[in-house]
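# Overview (structure and organization)
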Amino acid sequence: MKPMRHPHPRRPHLQRYLLVPLLGCAISVAGMPLFGQTNAKASGYYEDALVRYEKKDMPGAIIQLKNALQIDPKMLPVQLLLGKALIRHGDVTAAEVALSEALRLGVNRAEVVVLLGQSYMAQGKHQLILGQDVFKPAGLPPGVQYQLYLLRATVQGELGDANSAIQSIEQARAIDSSNVESWLTEIPIRIRARQFGEATAASGKAMSIAPELAEVWYQKGSIAQVRGNARDALAAYDRTLQIDPAHAEGRLARIGIYFDLERYSDAAKDVEEVRRQMPGEPRGAYFRALLAERNGNEQATSEALKEVTNLLDPVPLDYMRFRPQLLMLNGLAHFGLRQSEKAKQYLEAFQRVQNNSPVSKLLARIYLADGNATTAVNVLESYLRVQPGDAQALTLLASAHMALGRHAKATSLMQEALKSQDNPSFRTALGLSLVGDGKVNTGLSELETAYRKNPQQIQAALALIQLYLSSGQSRKALPIADRLVKRDANNVEFLNLLGMAQGQTGDFAASRATFGKAVALDANSISARLNLARLEIANRSFDTATNLLNALVSQHPANVETMYELAVIAERRVQPLEAQRWLEKARDASVARDVRWDLALVEFHLRNGNASAALDAAKLASGKAPENLRALMAYSRAQLASGDTVAARSSLTTATRFAEYNAPLQVEIATLQMTANNVAGAAYSLDKALANQPNFLPAHAMMVDIEIRQGELAKAERRAKDILVQHPKMSIGHTLLGDIAMARNQGATAVESYRRAHQVERSSQTLLRLFYALSNQDGGKASVPLAEQWLKQNPRDLAVIKALGDAHARAGNLQAARLTYEAGRTIKADDAELLNNLANVQILLKDPSAVKTAEAALASAPGNALMTDTLGWALFQNGQSERALQLLRDARLRQPDNPEIRYHLAVVLAKAGRTTEARSELESALKSPPRSFESATQAQALLKSLL
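Here the structure is a predicted model, which is why all the values come from computation and not from measurement. (Residues numbered from 1 in each chain as written. Predicted model: local features only at pLDDT ≥ 70, side-chain atom pairs only at ≥ 80, totals over all residues. Heavy atoms only, no water.)

### Focus on the overall build of the protein
When helices and strands are tallied, the protein shows 54 helices and zero strands. Across the 947 residues in the protein, those meeting the buried criterion constitute 51%. Considering only contacts within the protein whose residues lie at least 6 apart along the sequence, 54% involve residues at least 24 apart. When the accessible area of the protein is evaluated, it comes to approximately 43500 Å², of which 51% is carbon and sulfur surface. (Helix = DSSP H or I, 4+ residues; strand = E, 2+ residues; numbered from the N terminus. Buried < 20%, exposed > 50% of the residue type's maximum accessible area, 1.4 Å probe, protein only. Contact = heavy atoms within 4.5 Å. Areas by Shrake-Rupley, 256 points an atom, 1.4 Å probe, with all protein chains shown as cover.)

### Things to note about the packing of aromatic side chains
Tallied over the entire structure, the rule returns nine aromatic pairs. Between Tyr-120 and Phe-135, the ring centres sit 5.2 Å apart and the planes meet at 65°, which makes this aromatic pair edge-to-face. Of the two residues, Tyr-120 sits in helix α5 (residues 109-122) while Phe-135 sits in the loop between α6 (126-131) and α7 (142-158), which places them 15 residues apart along the sequence. With a centroid separation of 5.4 Å and an interplanar angle of 45°, the aromatic rings of Tyr-564 and Trp-597 are classed as tilted. Of this pair, Tyr-564 sits in helix α32 (residues 560-572) while Trp-597 sits in helix α34 (residues 596-607), and the two are 33 residues apart along the sequence. Its relative accessible area of 5% is what places Trp-597 among the buried residues. The structure contains a cluster of three or more aromatic residues connected by ring pairs, namely Trp-873, Phe-876, Tyr-903 and Phe-933. (Phe/Tyr/Trp six-rings, centres within 6.5 Å; stacked < 30°, edge-to-face > 60°.)

### A closer look at the packing of helix α39 (residues 679-692) against helix α40 (residues 697-709)
It is the contact of α39 with α40, at a shortest axis distance of 10 Å, that shows an interaxial angle of 145°. Here α39 and α40 pass one another in a crossing that is left-handed. Contacts between α39 and α40 pair Val-679, Ala-682, Ala-683, Leu-686, Asp-687, Ala-689 and Leu-690 from the former with Ala-699, His-700, Met-702, Met-703, Ile-706 and Arg-709 from the latter. Across the contact of α39 with α40, the residue classes break down as 10 nonpolar, one polar and two charged. (Axes fitted to C-alpha atoms, helices over the stretch in contact; angles between N-to-C directions. Left-handed = near helix turned anticlockwise from the far one by under 90°. Nonpolar A, V, L, I, M, F, W, Y, C, P; charged D, E, K, R; others polar.)

### Quick word on the pattern of salt bridges
Taken as a whole and assessed by the stated rule, the structure comprises 48 salt bridges. Note that Lys-802 is salt-bridged to Asp-831, the shortest N-O span being 3.2 Å. Here the residue Lys-802 occupies a position in helix α46 (residues 798-810), and Asp-831 occupies one in the loop between α47 (814-827) and α48 (832-844), the gap between them amounting to 29 residues. In this pair, the class of Lys-802 matches that of Asp-831, namely buried. Three or more residues are tied together by salt bridges with common partners; here these are Glu-47, Glu-54, Arg-889, Arg-914 and Glu-917. (Salt bridge = Lys/Arg side-chain N within 4 Å of Asp/Glu carboxyl O.)

### Details of the environment of Tyr-564
On the accessibility criterion, Tyr-564 (28% relative accessible area) is partly exposed. When neighbours within four sequence positions are excluded, Tyr-564 is seen to be in contact with Leu-583, Ala-586, Trp-597 and Ala-600.

### Focus: helix α3 (residues 76-89)
Side chains of residues three or four places apart in an α-helix project in the same direction, reflecting 3.6 residues per turn. Between its first and last C-alpha, α3 extends 20 Å over 14 residues, near the 20 Å set by a 1.5 Å rise per residue. In terms of burial, α3 is largely enclosed, as 11 of its 14 residues are buried. Along α3, the residues classified as buried are Leu-76, Pro-77, Val-78, Gln-79, Leu-80, Leu-81, Leu-82, Gly-83, Ala-85, Leu-86 and Ile-87. Count one or two residues on from α3 and you reach Gly-90, which has phi positive near 90°. (Expected span 1.5 Å × (residues − 1).)

### As for the packing of helix α8 (residues 162-175) against helix α9 (residues 181-192)
Between two packed helices, what matters for the description is the angle formed by their axes and the separation of those axes. Where α8 contacts α9, the two axes come as close as 10 Å, and the packing angle between them is 175°. One finds that α8 runs roughly antiparallel with respect to α9. On the side of α8, the interface is formed by Ala-162, Ala-165, Ile-166, Ile-169 and Arg-173, while α9 contributes Ser-182, Trp-183, Thr-185, Glu-186, Ile-189 and Arg-190. Taken together, the residues of the contact of α8 with α9 break down into six nonpolar, two polar and three charged. (Parallel < 35°, antiparallel > 145°, perpendicular 65-115°, else oblique.)

### As for the side chain of Gln-219
Turning to its location among the elements, Gln-219 is positioned in helix α11 (residues 214-226). Overall, Gln-219 belongs to the buried group, its relative accessible area being 7%. Dropping the residues within four chain positions of it, Gln-219 is found in contact with Leu-184, Ile-187 and Pro-188.

### Things to note about the environment of His-904
Mapped onto the secondary structure, His-904 falls in helix α52 (residues 899-911). Spatially, the C-alpha atom of His-904 lies 9.4 Å from that of Ala-884, the residues being 20 residues apart in sequence. At 3.0 Å, the side chain of His-904 and the side chain of Asp-869 are in polar contact. (Polar contact = N/O pair within 3.5 Å; in protein donor to acceptor, adjacent residues only side chain to side chain.)

### Let's talk about the confidence of the model for the protein
With 85% of its residues at a pLDDT of at least 70, the protein reaches an overall mean of 82. Under a pLDDT of 50 for its full length, residues 1-37 has, in the predicted model, 129 contacts with residues more than four places off or in other chains. For residues 413-420, every residue scores under 50 in pLDDT, and the model assigns this stretch nine contacts once sequence neighbours within four places are set aside. (pLDDT = per-residue confidence, 0-100.)

### Considering unusual backbone geometry
Its identity is not glycine, yet Lys-56 carries a phi of approximately 65°, on the positive side. Inspection of the secondary structure puts Lys-56 in the loop between α1 (40-54) and α2 (58-71). At Arg-194, a residue that is not glycine, the phi angle is positive and equals roughly 60°. Considering the arrangement of structural elements, one finds Arg-194 in the loop between α9 and α10 (196-209).

### Quick notes on the side chain of Glu-158
Mapped onto the fold, Glu-158 is located in helix α7. Residue Glu-158 is classed as buried on the basis of its relative accessible area of 15%. What Glu-158 contacts, discounting residues up to four positions off in sequence, is Met-121, His-126, Arg-192, Phe-322 and Arg-323.

Given below as C-alpha cells:
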C-alpha cells in the first residue's frame, strides 16, 4: 500500500526557509549543475547583453550571450534572453533551440511559452502548437494565457479553422476585453474566412481603442484591399506608414496597390525602401523582378528572381504552406528561371493548400515504396476526409499503418472477423494486436480466452507466459511453460521460459538446470546465456554475470538485452555513468517502437534525481509509442519531477483510460494525479479501481484522503470506520480517522487517533502524524519531547530528525535547530532538504558557512529553485553580489510565482543599480497574497525607496 499523506504543520515563521516534503515524494530537480561554481566573466557578458538588448542592438546582444554560453552553456537567463534576441533578429529556428533549452533546463513555462510558440509558428509548426502540452493555457498566469489564446487563434485561423480561432479569441477576451490585440488578431481570421462584415466590425472596435496604432490602420487597409477598394486601402496604408515608417507589411501592401493602379514610379520608391529596410525580404525582390521585366532588363530580372529562390528555397515547406503567396512566389520565380522541376514542386504544394490533390493515392504508393509510411498516412487521411468511401485509399491506409507497426487497424479487422466466427486464432491475433497497442489488460484477457478455448494455441501460450512473468505472476506462467516443455523437450525457447518461471518462483536450482539444458542444446542461444547471467545477478555473483555478458557482447555487439543487464550490474556496483552509458546504448540500438530501454533510462534518471534527463528520455519513449501505458506513466512521472503538473495531468488522464479497470494500476495513477494536484482525476481512477475490486484497501485508503480534500467528511468517516472494522490490526484505520479529525479542527480527537495508530504500528510514519498533530496543539511542548524520546531509541531516523529541526526553527530556537540538522547530516550528508534548511538557519544566525552548506544542498538537488535562491541569498549576505545575481535570476526563472525569490532578486538588482528591473520584480512579488509572502513589508519599503 502506498504511504499516506502526512499533514503539514502550520508554519507562522520561516515559511520560505524550511522545505517540507510533499506527499512523501522526493524533491523535484531539473538536472542543473552546481551553481555555486558561477563564472563572473559569463555573468558580465550577460549583463552587457541585457543592456544591448534593451537598446535594440540584437546582433551585439546575441554575440555577448553566445560568449556567455561558451563559458557556461546552462545559464538560464542567458538561454532565455538569447531566445528573445534571436526572435527579434528573425532567426526563429535558432530561437526555438535556445528557448527549448531554457525550458529543458528549468525555466518556468510561463516565461517561455509565448516566445516558443512564436518561433514554432514562424517555422510552420502549427499543429505542434495546438497539440503539445507545453502550449496549453491551463495553469499559466492570466496575462500569459491571454497571449497564448491569441497565438492559438492565429494558428487555428491559418489552419482554416475559423470557428476554433474565434473561440480562442473569446477566451482571451474573457481575461482582458479592453486590449486591442484581440481585435487585431480577429481581423485576418475573418478576412481569410471571407467574413468581411465581421472583419469590419472588429476593425472599428480596434480603431476605437487605439486610433493611433499603425497596425490598426494596416488591418483596415487589408479589409479594403481584399474587398477591391484600392483607394481606401491606399489611404489606410499611407496612414500606417505615417505612424510607423518601418511597418513592413504596410509598405509591401502599398507596393501591391501601386502596381494595381499602375503607379510604377511610386512602387519603385517603396521597393527601394524595402530593399534598404529589409534586404532579405523575398517579396521585395520579386517586385524588383517585375519592375526590371517591365523595363526589359533581363539580367536584372534574372538576378532578382534568383534572389527570391535563394531566400525561399531554404524555408521549410511546412512554413510556406501557411503562406500560399510564398509558395506561388517561389514557384513562379523558379518558372521564370526555367527550373521546371522545382517550379512544379512549389506550384503543386500551392495547389494542395487550395484544393485536395487527385494524385494523393499515387503519392501514397510512392511514399510507401520509399519506406516513408508516415507521409503516406498523412496524405491518405487528408484525401479520405473528402472521399471517405474510396476503398483503394482505405486499403493503402491500412498498409501504411501496418508498415508503421500500428496494430489498431489489425485490431479493428480482427474484431470484425470475430463477429462472423469465434476462432481462437482470431482471438490470439486480436490479443497480440491489443498488447502491441499498449492495451495490455484487454489483450491479456483475449489471450486467456484463446488459450482456454484451444491450449494448442502456441502463440497464445508464449504470450501469456511472457505477460505473466513481466507482471510477477510466475505461478500462473509455470504450468503453461511446463506444458510446452512436455510437448517439445528440445525446444530452447520453451526451456528458457520454463527456467524463467522457475527462477521467479524461487527454485534457483531447477532454473539453473533448465537454462543449462537449453545451452547444451544450442550453445549459440543468446536467450539461454542471458538468463544464466540474470540468475547470477539475482544471486549477486556480479563477476560471473559480467563475464557471461561480456562474452555475449563480443559475439553479438548489437544485442540490447545484454547491454541492459550490464547496466543493471553497473548500477548495483554504484557506477552510475557506466550504467547510463549501457542504457543509452541499448535505447539507441533498439527497434523503432521498442520503448523498454527508453523506460529503463527514464527510471534510472529519476532514481538519480536527474529530472531533466528523465523528461528527455520519456519524450522519446512517448514519441515512439504514444498509446503505451507504461510510457505514458513514465512521462507523467518525469513531468512531475520537472514541475510541469499541467502536462502531467494530461498524460495521466490518458493513462487512466488505457489502464481500464486494473485496480493496482489505477491506484498508481491516482497517486500520481494527487501529486499533480488533480483530485478529481485521482477520484476517477479510484472509482475505476473499486469497480473492479470493491475491497481493494489501497484504493479505499486513498479515497478517504480525497473525500477529506473534497470536504465530504461524513463520507470519509464512514469509509475509514469500515476500514478499521475490516483491518483492526493495521494502523491505517486509526490514521485515517485522525486525518478526518484534523480536517474538522478537532485537534484532541486527532491526537488520540494518531496515538492509537502509533500504538498499533510503531513506525516513524505514525509517529510523525502524532508529532505534527501535537505541534498544532501546544507549539511543541509535547511534540518535541515525543520526537526526542523516539530518537533516543531510533537515532538514525532521518525523517524525525528533520521534523524536530523544523520544529525548533519555527519556535525560533535556531541554535537547537542547527544542532539537530547537523546531527541529521552525519546520517545522510547529501540530503538536499536538510542541507537547505540548515543553510537558512545559518543565514539567520549570520554564519558565513551558510554559503558552503547551501552549495552542498544545490549540489544534491541541482536546478531546484528554492535551493538556488537559498544559495544566492547566502552569497548576497556574504557580500558576493555578482554570483548572487546570477543565481537569483536563475531561481526566478524557475519559479516566477514565488514572491520571496523575486524579492531577493530585487534587493540584489537594486544594489547593482538596476532600479527599473528591481521595481518590476517587487511589483510582481507584491501581487501575491500576503500569507504567501513573508517579506511583503520589506518589499513595500524597498519599492517605495526606488520610486
